[in-house]
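These are the residues of each chain, in order.
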Amino acid sequence: MKITIVSVGKLKEKYLKQGIQEYLKRLSTYAKVDIVEVADEKAPENLSEAQMLHVKQKEGERILSHIHPDTFVVTLEINGNMLTSEQFASKLDELATYGKSKIAFVIGGSLGISAEVQHRSNFALSFSKMTFPHQVMRFILLEQVYRAFRINRGEPYHK
Ligand SMILES: C[S@@+](CC[C@H](N)C(=O)[O-])C[C@H]1O[C@@H](n2cnc3c(N)ncnc32)[C@H](O)[C@@H]1O
């Protein structure tokens, strides 16, 4: 399985970089995982709704330029579908079974995800109704993908 994480904005925090590297290393046994960072747009406080939409669209275009047509796209959205780790693992297993070997997870920036990217999305995934910073989300996502592979292989993992 080839997994691409397309994320708006840079990963800056050292402690998260270390954690993410650790999970990328662990995941290398199960899948090829690439992280693509796309530049975020500066969005001053006083932007009108139309300007805000424009900014989001620009980020969206950058995201979509990294997504190939045959890729199954999972957008991370606060108002998306909430799954248990077991359900998430089954979803990944199901995708592999039905020949969907390329998966892209999309993490938005501070403005969230544009309508165009939502339109391209095959599944909107929520990690709770709470808002997490995009850098933290990247770490949590990798941990859950790793957990999913362990569950699917029947390998022991922390409960
Ligand atoms: C700081 S949040 C953006 C918040 C933005 N105001 C919004 O409503 O989407 C940055 C990105 O992290 C991801 N994210 C944050 N919290 C999330 C959650 N609970 N579930 C799924 N994705 C989340 C989303 O992809 C979001 O676009």
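Placed above this text is the structure.
Here we summarise the structure given alongside this text. As the structure is a computational prediction, the values presented were derived from the model and not from experiment.

**Some words on the sheet that holds strand β3 (residues 72–82)**
Pairing is parallel in the open sheet, where five strands are placed in the order β2-β1-β4-β3-β5. Each end of this open sheet is capped by a strand with a single partner; those strands are β2 (32–38) and β5 (123–126). Each neighbouring strand pair of the sheet contributes to a mean axis angle of 30°, computed without reference to strand direction. In this sheet, β5 lies alongside β3 in parallel orientation, the contact comprising five bridges. Following the sheet pairing, N81 is matched in β5 by L125. On top of the sheet, helix α3 (residues 85–97) reaches β3, β4 (102–107) and β5; it is set at about 140° to β4, its chief contact.

**Considerations on the nonpolar core**
Within the largest apolar cluster, 31 residues are counted, with the highest numbers of intra-cluster contacts made by I3, I5, V33, L92, F105, L142 and V145. Every element with two or more residues in this core is listed here: β1 (2–8), α1 (14–27), β3, α3, β4, β5 and α5 (134–152). Per element, the largest residue contribution to this core is seven residues, and it comes from α5. Counting 11 residues, the second-largest nonpolar core is a separate cluster that includes V8, V36, I67 and V117.

**Brief notes about the packing of aromatic side chains**
Going through the model one piece at a time under the given rule, you end up with six aromatic pairs. Between the aromatic rings of Y23 and Y146, the centroid separation amounts to 5.7 Å while the plane-to-plane angle is 65°, which identifies the pairing as edge-to-face. Within this pair, whereas Y23 is found in helix α1, its partner Y146 is found in helix α5, the two being separated by 123 residues in sequence. Among the residues examined, Y23 registers a relative accessible area of 11% and is labelled buried. A ring pair is formed by Y146 and Y157, whose centres lie 5.3 Å apart and whose planes are at 75°; its orientation type is edge-to-face. Separated by 11 residues along the polypeptide, Y146 in helix α5 and Y157 in the segment after α5 bring together distant segments of the chain. Each member of the pair, Y146 together with Y157, is buried. Sitting over the ring of Y23, R26 keeps its end group 4.8 Å from the ring centre.

What counts and how
- Residues numbered from 1 in each chain as written.
- Predicted model: local features only at pLDDT ≥ 70, side-chain atom pairs only at ≥ 80, totals over all residues.
- Heavy atoms only, no water.
- Pairing = 2+ DSSP bridges.
- Helix = DSSP H or I, 4+ residues; strand = E, 2+ residues; numbered from the N terminus.
- Axes fitted to C-alpha atoms, helices over the stretch in contact; angles between N-to-C directions.
- Contact = heavy atoms within 4.5 Å.
- Core = buried A, V, L, I, M, F, W, Y, C linked by side-chain atoms within 4.5 Å.
- Buried < 20%, exposed > 50% of the residue type's maximum accessible area, 1.4 Å probe, protein only.
- Phe/Tyr/Trp six-rings, centres within 6.5 Å; stacked < 30°, edge-to-face > 60°.
- Lys NZ or Arg CZ within 6 Å of the ring centre and 35° of its normal.

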